[in-house]
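Observations on the model geometry
Residues per chain are reported as follows:
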Amino acid sequence: MKLLICFGTRPEAIKMAPVCLELTKQNIPFKLCVTAQHREMLDQVLDFFDLIPDYDLNVMQPNQNLNTLSSRILLEMDTILEKEAFKMVLVHGDTTTSSLVALAAFHRHIKVAHVEAGLRTYNKQSPFPEELNRQLTGRISEYHFAPTKQAKTNLLQEGVNTHAVVVTGNTVIDALNITLEKIKHGYNNSFIEKLKRTINFNNNVILVTGHRRESFGEGFENVCNALLELANTKDIEIVYPVHLNPHVQKTVFNRLSGVSNIHLIAPLDYPSFVWLMSQSNLIISDSGGIQEEAPSLNIPVLVTRATTERFEGVKAQCSFLVGTETKKIIATAKQIMGKERTSKLSNPYGNGDAAVKIVDFIKNNLID
Ligand code: UD1
Ligand code: UDP
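Residues numbered from 1 in each chain as written. Chains lettered and ligands numbered in written order. Predicted model: local features only at pLDDT ≥ 70, side-chain atom pairs only at ≥ 80, totals over all residues. Heavy atoms only, no water.

This part covers the pairing of strand β1 (residues 3-7). When you tally the buried positions in β1, you get five out of five residues, the bulk of the element. Here β1 shows a buried face lined by Leu-3, Ile-5 and Phe-7 and a second buried face lined by Leu-4 and Cys-6. Alignment of β1 against strand β2 (residues 31-34), held across four bridges, turns out to be parallel. Within β2, the position partnered with Phe-7 by the bridge is Val-34. Each parallel crossover has a hand, and the one from β1 via helix α1 (residues 10-25) to β2 is right-handed. (Buried < 20%, exposed > 50% of the residue type's maximum accessible area, 1.4 Å probe, protein only. Helix = DSSP H or I, 4+ residues; strand = E, 2+ residues; numbered from the N terminus. Pairing = 2+ DSSP bridges. Right-handed = clockwise from strand over helix to strand, strands pointing away.)

What follows is the structure, given as structure tokens:
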């Protein structure tokens, strides 16, 4: 079976890296194609996990819009699918890359398998456009690697055959464990050294990220106002690696520059970010991946979104859905930082063996 793995953004790369590493370990041949929907943020991940793409579609354009991006992916993917007779394409998650690569494969009668399948809010506006992307990819896919039982239940309720779904845990926990292990064995870099020099880790450290399209404008303004107020609290350091999306950059730098204990920095490479998470007291974020990683480090996450498809963490009190209302973010942050954290529970998103489960399924069921 000729297998193609395809992804395009930072989180997809982090979450597919363990699958690529496991396929290599088990001597299962595959080709890697990156759409490069992200560029710098993708390349950082490829470097860290030593992944060398066979194809790089290099589609990213500054401030790209969804239709231009989609059409470029569809067109460029087709040239690759025409060149080689792939039998299966493995895609990940809910980005424009995932759904458009899946569609390109479908148009050429190539089977699609979906990693991180079955996450749902059933609200097409939140997250936008990811909820529709993952539903589309789910409809197209023949095989579904669901990270949790709930994700499998969602798929079964939509009529997917139970034999086509495998519950694996989320591969981000594999990526996190690989990275923590490297850090434990002395991995270091200049970004980590700089963080150590510039941030007072004796204070309470709040780590912030944000990039959701549905929060552009008012939502981001509200989160920034909350951060300004929290920065006035005693012994607080706020560290904010700012996403490269120009809409995010504009609001965040306009509103938060020049405050001495708010550190606005460039997006960090994955190991530096993992190290920084492990040194933080609280995370404020709208990220999907961070909601999944933080329980392994026992760091609470305030989720600055109206909805989450990662409800397992909310139920386990690992994350707290606060939306983008300024007062609620401030009050919940203060409440959580004032409380002693109880000891670490198991991570509802997995234990680090998702890639092995995915590769075993491919080996035992899909390779002729
Ligand atoms: C994308 C995904 C989102 C995912 C997020 C992870 C879609 C529609 N959105 O959102 O689901 O959660 O990535 O971060 O698929 N840029 C750079 N360099 C980079 C990356 C981005 O300059 O390495 C800038 C470019 O101006 C680019 C813009 O950010 O045009 C937006 O990138 P895009 O991938 O369209 O959207 P994200 O907001 O990054
Ligand atoms: N991340 C990173 N550097 C950063 C911020 C985040 O490497 O500066 C990692 C984070 O650990 C997680 C992933 O990127 O694994 C999340 O990506 P993002 O929030 O962009 O996308 P989402 O998960 O929301 O799709």
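This part takes up the site of ligand 2. Every one of the 16 residues lining ligand 2 counts as a neighbour, but Arg-10, Arg-212, Ser-287, Gly-289 and Glu-293 are closest to it. One of the backbone N or O atoms of Leu-268 is found 2.8 Å from a nitrogen atom in ligand 2. Between an oxygen atom of ligand 2 and a side-chain N or O atom of Glu-293, the distance comes to 2.6 Å. In isolation ligand 2 has 540 Å² of accessible area, and contact with the protein removes 95% of it. Counting only elements with at least two residues in the shell around ligand 2, the list comes to α1, α11 (270-278) and α12 (288-297). Take the shell around ligand 2: its biggest share by element is four residues, from α12. Class assignment for the residues of the shell around ligand 2 results in nine nonpolar, four polar and three charged. (Near = heavy atom within 4 Å. Polar contact = N/O pair within 3.5 Å; in protein donor to acceptor, adjacent residues only side chain to side chain. Areas by Shrake-Rupley, 256 points an atom, 1.4 Å probe, with all protein chains shown as cover. Nonpolar A, V, L, I, M, F, W, Y, C, P; charged D, E, K, R; others polar.)

Close to ligand 1 lie 24 residues, the nearest being His-38, Gln-61, Asn-63, Glu-130 and Asn-245. Gln-37 places a polar side-chain atom, nitrogen or oxygen, 2.8 Å from an oxygen atom of ligand 1. Contact with the protein chains removes 96% of the 750 Å² of surface that ligand 1 exposes when unbound. For the shell around ligand 1, the per-class residue count stands at eight nonpolar, 11 polar and five charged.

This paragraph deals with the packing of aromatic side chains. Taken as a whole, this structure holds seven aromatic pairs when the rule is applied. Ring centres of Phe-145 and Phe-361 lie 5.6 Å apart, and the angle between their planes is 85°; on these two criteria the pair is classed as edge-to-face. Taken together, the positions of Phe-145 in strand β6 (residues 143-146) and Phe-361 in helix α15 (residues 354-366) put the pair 216 residues apart, joining distant regions of the chain. The same class applies to Phe-145 and to Phe-361, which are both buried. An angle of 80° between the planes, with centres 5.4 Å apart, marks the rings of Phe-201 and Trp-275 as edge-to-face. Taken together, the residues span a long stretch of sequence, with Phe-201 in the loop between α8 (190-198) and β8 (204-209) and Trp-275 in helix α11 at a distance of 74 residues. Lying over the aromatic face of Phe-86, Lys-2 brings its terminal NZ or CZ to 5.2 Å of the ring centre. The ring of Phe-48 carries Lys-182 above its face, with NZ or CZ at 4.7 Å from the centroid. (Phe/Tyr/Trp six-rings, centres within 6.5 Å; stacked < 30°, edge-to-face > 60°. Lys NZ or Arg CZ within 6 Å of the ring centre and 35° of its normal.)

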